[in-house]
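Given next are the chains, with one letter for each unit.
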Amino acid sequence: MMKLQDIANKIGAKLHGNGDVEIRRVANLKTAKPGEISFLSDPKYRSVLEESQASAVIIREGDVPHVKSAALIVKDPYLGFAKVAQLLDTTPAIAVGIDASAVIDKSAVLGSNVAVGPNACISAGAQIGDDVQIGAGCFVGPNAKIGKGTKLYPNVSIYHDVVIGEHCLFQSNAVIGGDGFGYANESGKWVKIPQTGRVVIGNMVEIGACTCIDRGAIDDTVIEDNVIIDNLCQVAHNVHIGYGTAVAGGTTFAGSVKIGKFCIIGGTSVFNGHIEICDQAVISGMCMVMRSIDKPGVYSSGIPAQSNKEWRITAARVLHINDMYHKVNDMEKQIENLKSALAELKK
């Protein structure tokens, strides 16, 4: 619980009203109760603001006349809400102390205040920074490096030689550094190519639950600083994702894709291998990206949902597109011939 004045000081907000109001948690504007704080970022919900029971709200300067409670005035209420939510976060620690059932190799190096949960395993040569939290059942492979303040939720697997920066967060069942999908074919028999590269992850990176990031075939797979990747994503070998990019759930990157800085990638998108996406590209959800993109902008593909009846008609017509193309092409030629004939008649 914090006084509103203290919250204002910490996030750099202007206080409106009683700063002694005590706030215990964040809440939805419609359902908020006394002791809770919410936010308004869209003016069309001002009527909700006027009816809200929240003890305080986070708003823009222009919304002050519409508020009945105390308020924090900021330029971006949604960003302000995020910062307040961090201040009031009650999520329990992933691990506290080093559990007796944890298996830690004698050659592993642990910094100060490292916490390791039950049945976690830290392998030979691993280097763990200060204040790292490693949840129950996690595996940290030989010679892996984890920077200070990073958190691994239960059952995260970090393979050998993986390098992870500072203040990262990995949700449960993420697999970092598994083999890339590399094989040669000999008369129908698949011959595995050992994947000898690493995964190198920067600082302030967040990886969602059940996301897999494969190690490089020879060179490294690289995730730069400040990247956020949602749940159930697949990042293949030698992919490079640039600073500040956000990737929504279910997205798949084939091998050697290079993604620029500050890209926003919608959920369940698919990227063909060996292509490059420029900085600040926005990819709509369910996109199939088959070619490189060299200009910032919004890119989309796919067919929106239809009723089954409409979809069956559309699908049936799609099968005849090639025939329709040739018919239209023939018609255009006939029209050009008619134009030429008419021109000759007018002479």
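Let us look at the structure shown here. (Residues numbered from 1 in each chain as written. Predicted model: local features only at pLDDT ≥ 70, side-chain atom pairs only at ≥ 80, totals over all residues. Heavy atoms only, no water.)

In space, the 5 strands of this open sheet follow the order β2-β7-β6-β5-β4, with mixed pairing throughout. Of all the strands in the sheet, just β2 (14–16) and β4 (25–26) have a single pairing partner and so form its edges. Pairing of β4 with strand β5 (residues 36–39) involves 2 bridges; the strand directions are parallel. Residue pairing across strands places Arg 25 opposite Glu 36, the latter belonging to β5. Against the sheet, helix α1 (residues 4–11) contacts β2, β5, β6 (56–59) and β7 (70–73), and its axis sits at roughly 5 degrees relative to β7. (Pairing = 2+ DSSP bridges. Helix = DSSP H or I, 4+ residues; strand = E, 2+ residues; numbered from the N terminus. Contact = heavy atoms within 4.5 Å. Axes fitted to C-alpha atoms, helices over the stretch in contact; angles between N-to-C directions.)

With that settled, the discussion passes to the pairing of strand β21 (residues 183–186). In this sheet, strand β22 (residues 189–192) lies alongside β21 in antiparallel orientation, the contact comprising 4 bridges. Within β22, the residue paired with Ala 184 across the bridge is Val 191.

The geometry of an aromatic ring pair comes down to the distance between the two centres and the angle between the two planes. Throughout the structure, instances matching the rule amount to 6 aromatic pairs. Here the aromatic rings of Phe 39 and Phe 81 are separated by 4.5 Å at their centres, their planes lie at 35 degrees, and the arrangement is tilted. Of this pair, Phe 39 sits in strand β5 while Phe 81 sits in helix α3 (residues 77–87), and the two are 42 residues apart along the sequence. Looking at Phe 39, the relative accessible area reads 19%, which means it is buried. Pairing Phe 181 with Tyr 183 gives two aromatic rings, centres 5.3 Å apart and planes at 70 degrees, and the pair type is edge-to-face. Owing to a relative accessible area of 70%, Phe 181 belongs among the exposed residues under this scheme. In textbook terms, an aromatic cluster arises when at least three aromatic residues are bridged by ring pairs, as seen for Phe 39, Tyr 78 and Phe 81. (Phe/Tyr/Trp six-rings, centres within 6.5 Å; stacked < 30°, edge-to-face > 60°. Buried < 20%, exposed > 50% of the residue type's maximum accessible area, 1.4 Å probe, protein only.)

As a further point, take the pattern of salt bridges. Summed over all chains, the structure comprises 7 salt bridges. We note a salt bridge from Glu 336 to Lys 339, for which the minimum N-O separation is 4.0 Å. Of this pair, Glu 336 and Lys 339 both sit in helix α5 (residues 321–346), 3 residues apart, which is roughly one turn of that helix. Residue classification places Glu 336 among the partly exposed positions, given a relative accessible area of 45%. The exposure class assigned to Lys 339 is exposed, which follows from its relative accessible area of 52%. One connected set of salt bridges, linked through shared partners, spans Arg 24, Arg 25 and Glu 36. (Salt bridge = Lys/Arg side-chain N within 4 Å of Asp/Glu carboxyl O.)

With that settled, the discussion passes to the sheet that holds strand β14 (residues 139–140). The 10 strands lie next to each other as β8-β11-β14-β17-β20-β25-β28-β31-β34-β37, forming an open sheet whose pairing is parallel. This sheet does not close on itself; its edge strands, each paired only once, are β8 (103–104) and β37 (288–289). Of the pairings in the sheet, the one linking strand β11 (residues 121–122) to β14 comprises 2 bridges and is parallel in character. Opposite Cys 121, over in β14, you have Phe 139 as the bridge partner.

With respect to the element layout, Glu 36 can be found in strand β5. For Glu 36, a relative accessible area of 5% translates into the label buried. Looking at Glu 36, its side chain comes within polar contact range of the main-chain nitrogen of Lys 33, at 2.7 Å. Residues within four places of Glu 36 in sequence aside, it is in contact with Ile 23, Arg 24, Arg 25, Ala 27, Thr 31, Ala 54, Ser 55 and Ala 56. (Polar contact = N/O pair within 3.5 Å; in protein donor to acceptor, adjacent residues only side chain to side chain.)

The residue Glu 310 is located in helix α4 (residues 308–318) in this model. A residue is classified by how much of its surface remains accessible, and Glu 310, at 45% relative accessible area, is partly exposed. The sequence separation of Glu 310 and His 167 amounts to 143 residues, and the corresponding C-alpha distance is 49 Å.

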